[in-house]
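# Fold and geometry: a report
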Amino acid sequence: MRLYISASTGIKKLTISSSGAAAAAAAGGKGPHPAAAPANPGRRIASRAVLPAVLVLGLALPFLFVRVAFLVLESAAACSSSSSSSSNDCFGWRFFSGNDAALLREELTRALLEAKESNVNDERQGMESSSLESFDELVKEMTSRRPDIKEFAFKTKAMLTRMERQVHSAKRQESIYWHLASHGIPKGLHCLCLKLAEEYAVNAMARSRLPPPQYVPHLADPHFHHVVLITDNVLAASVVISSTVQNSAKPEKLVFHVVTDKKTYTAMHAWFAINPVRLAVVEVKGLHQYDWSQEVNIRVKEMIAFQRLLWRHFYRNLKAEYLDDAEGKYVEALSPSNLSLLNHLRVFIPELFPDLNKVVFLDDDLIVQRDLSPLWELNLKGKGVGAVVNSWCGDDCCPGRQYKDYLNFSHPTISSNFDSDRCAWLYGLNVFDLAAWRRSNLTRNYLNWLKKSLNSGLELWIPGVLPPALIAFEGHVHPIDPSWHLAGLGHRFPDTQERLVEAAAVIHFSGPAKPWLEIGSPEDIISLELPVDSRRT
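My aim in this report is to walk through the structure given alongside it, one point at a time. (Residues numbered from 1 in each chain as written. Predicted model: local features only at pLDDT ≥ 70, side-chain atom pairs only at ≥ 80, totals over all residues. Heavy atoms only, no water.)

Glancing now at the overall build of the chain. Within the chain one finds 21 helices and 12 strands. Relative to its 537 residues, the chain shows a buried fraction of 41%. For the chain, the proportion of contacts with a sequence separation of at least 24, taken over those separated by at least 6, is 73%. Total accessible area computed for the chain in this model is approximately 30800 Å², and 56% of it derives from carbon and sulfur atoms. (Helix = DSSP H or I, 4+ residues; strand = E, 2+ residues; numbered from the N terminus. Buried < 20%, exposed > 50% of the residue type's maximum accessible area, 1.4 Å probe, protein only. Contact = heavy atoms within 4.5 Å. Areas by Shrake-Rupley, 256 points an atom, 1.4 Å probe, with all protein chains shown as cover.)

Here it is as structure tokens:
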């Protein structure tokens, strides 16, 4: 092989001769140089063609990469849908993607978020189109039809939403039925009243005077501790009086004034005449035995007429709604006890006892556990009512409810005069300074607010005894120590602690489940040391 370079300046031409030409030159000896053979075209290197090829590849490869990426994503979607029935169809996707579980989780998350953020119309359409009632039906449909992940998410949401609404409706109806059960009179209590009425008719002892003549002067003596009960429940009145006397340090100073209606008077009188309370004085008086003035009779009738109008107003509003959408406070407000004359007569205690200046009022659904004598020594500082306002749980909670649970703060008359977050004071154990009550004319103020509510379309408060009293007695309530009165028992899920129940002077079954009802919680009753008289009944 020989290399020939031209004589001119620079390398203009480079020729590689073949082996045959080289041999001929060697055989011929000296002489002129033979002509160079033309170069092989396949062996010639053209530098100008390399750069365009590199540029073309540089532009084409990114587009090719993007196209492959789209193909991989389409394969992933195809594998998650019902069209991909064999594993071979998804082999390429798994080969390129690597971790298919992570991609499936991401896609499921996106589908669930989309189902969550869907509007109300889409949700209703999904609920109407899906008839799934259980998890087994969901699994059966998913395995038979093999829908995509998005359809699975929407069907699951529709099924869970329907179930949540059914549970909510069942709970609401159960609450209503539970409240209805609390308004019934147990057979034993009803039979007790009938037997006592019969005893009153045939037994002279059951008709004996209450109290005996020698104790009549005590009924108006301010040196005694006067307790007022307004009730038509014989058993409940017996428990309250027995527990008060049993825990009193000075039971001989106690004078009980039991006010009842005409139908219960004979049974109530017969019970305390046959079972006299030792040491204490008990007076039983029916409403038909009061000689009220014409003015008081008119005011009482107007009050009851208003309460019935308010009750019917809220009843009609409740009937216009579905039961599962009714608010709990409406159910409680429609209790028949809110129409009871005896419940509302506590506003007329100054008229019931014109000769008394200070009394302790006790509800009939409570049990006394401590001596109540210090209550008569309390200085109410000129206020007409002493009641528990603050709570054992601190300044940020209320022992009962707040004003907004009783009053309608959407009405300007209420919102401009009261604080919605203010704690409502408790009814059940109260100290009434009847002299201050009369000076402040609280009863007339109460009746004036009833007229304002009537003129406002009965929209100022919900039915009940406490709501109008919160307004009428505003500024006339003196707070007492919370340990005197623990309310909240008688609910299905009471949040009271055992140590608080043991330390309270009075425990109040303010919920619908009274101790004498079948729906009453046995745990609340068994743990209490009830008086002997109440256990015997």
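Another aspect to go through is unusual backbone geometry. Leu210 connects to Pro211 through a cis peptide bond whose omega is -10°. Its location among the elements puts Pro211 in the loop between helix 8 (187-202) and strand 3 (225-230). For Leu458, which is not glycine, the phi torsion reads 60° and is therefore positive. Within the secondary structure, Leu458 sits in the loop between helix 17 (442-455) and helix 18 (466-472).

Turning to the packing of helix 8 against helix 10 (residues 262-274), a few remarks are in order. Between helix 8 and helix 10, the shortest axis-to-axis distance is 8 Å and the interhelical angle comes to 75°. On the basis of their axis angle, the class for helix 8 and helix 10 is roughly perpendicular. Of the residues in helix 10, those in contact with Cys193, Leu196, Ala197, Glu199 and Tyr200 of helix 8 are Tyr265, Thr266, Ala267, His269, Ala270, Trp271 and Ile274. Counted by class, the contact of helix 8 with helix 10 contains 9 nonpolar, 2 polar and 1 charged residues. (Axes fitted to C-alpha atoms, helices over the stretch in contact; angles between N-to-C directions. Parallel < 35°, antiparallel > 145°, perpendicular 65-115°, else oblique. Nonpolar A, V, L, I, M, F, W, Y, C, P; charged D, E, K, R; others polar.)

In the structure shown here, the tally under the stated rule is 9 aromatic pairs. Ring centres of Phe361 and Phe432 lie 5.9 Å apart, and the angle between their planes is 25°; this geometry places the pair in the stacked category. Residue Phe361 is located in strand 6 (residues 358-362), and its partner Phe432 is located in strand 9 (residues 429-433); the two are separated by 71 residues in the primary sequence. Measuring from ring centre to ring centre gives 6.2 Å for Tyr403 and Phe418, while their planes differ by 40°; the resulting arrangement is tilted. With Tyr403 in the loop between strand 8 (385-388) and helix 15 (412-415) and Phe418 in the loop between helix 15 and strand 9, the pair connects residues that are 15 residues apart, well separated along the chain. There is no split in this pair, since Tyr403 and Phe418 are both buried. Three or more aromatic residues link up through ring pairs in this structure, and these residues are Phe361, Trp425, Tyr427, Phe432, Trp437 and Phe473. Over the ring of Trp484 we find Arg370, and its NZ or CZ is 5.1 Å from the ring centre. The aromatic ring of Trp449 is capped on one face by Lys452, whose charged end is 4.4 Å from the ring centroid. (Phe/Tyr/Trp six-rings, centres within 6.5 Å; stacked < 30°, edge-to-face > 60°. Lys NZ or Arg CZ within 6 Å of the ring centre and 35° of its normal.)

If you look at soluble globular proteins, the nonpolar side chains tend to sit buried side by side. Membership of the largest hydrophobic core comes to 58 residues, with the highest contact counts inside it found for Ile230, Ile349, Leu407, Trp425, Phe432, Trp461 and Phe473. Mapped by element, the contributors of at least two residues to this core are strand 3, helix 11 (294-319), helix 14 (349-352), strand 6, strand 8, helix 16 (434-440), helix 17 and helix 18. The biggest single contributor to this core is helix 11, with 8 residues. When neighbours within four sequence positions are excluded, Ile349 is seen to be in contact with Val228, Ile230, Val359, Phe361, Phe432 and Leu434. The next biggest cluster of nonpolar side chains, apart from the first, holds 42 residues, and it includes Phe256, Val258, Met268 and Leu372. (Core = buried A, V, L, I, M, F, W, Y, C linked by side-chain atoms within 4.5 Å.)

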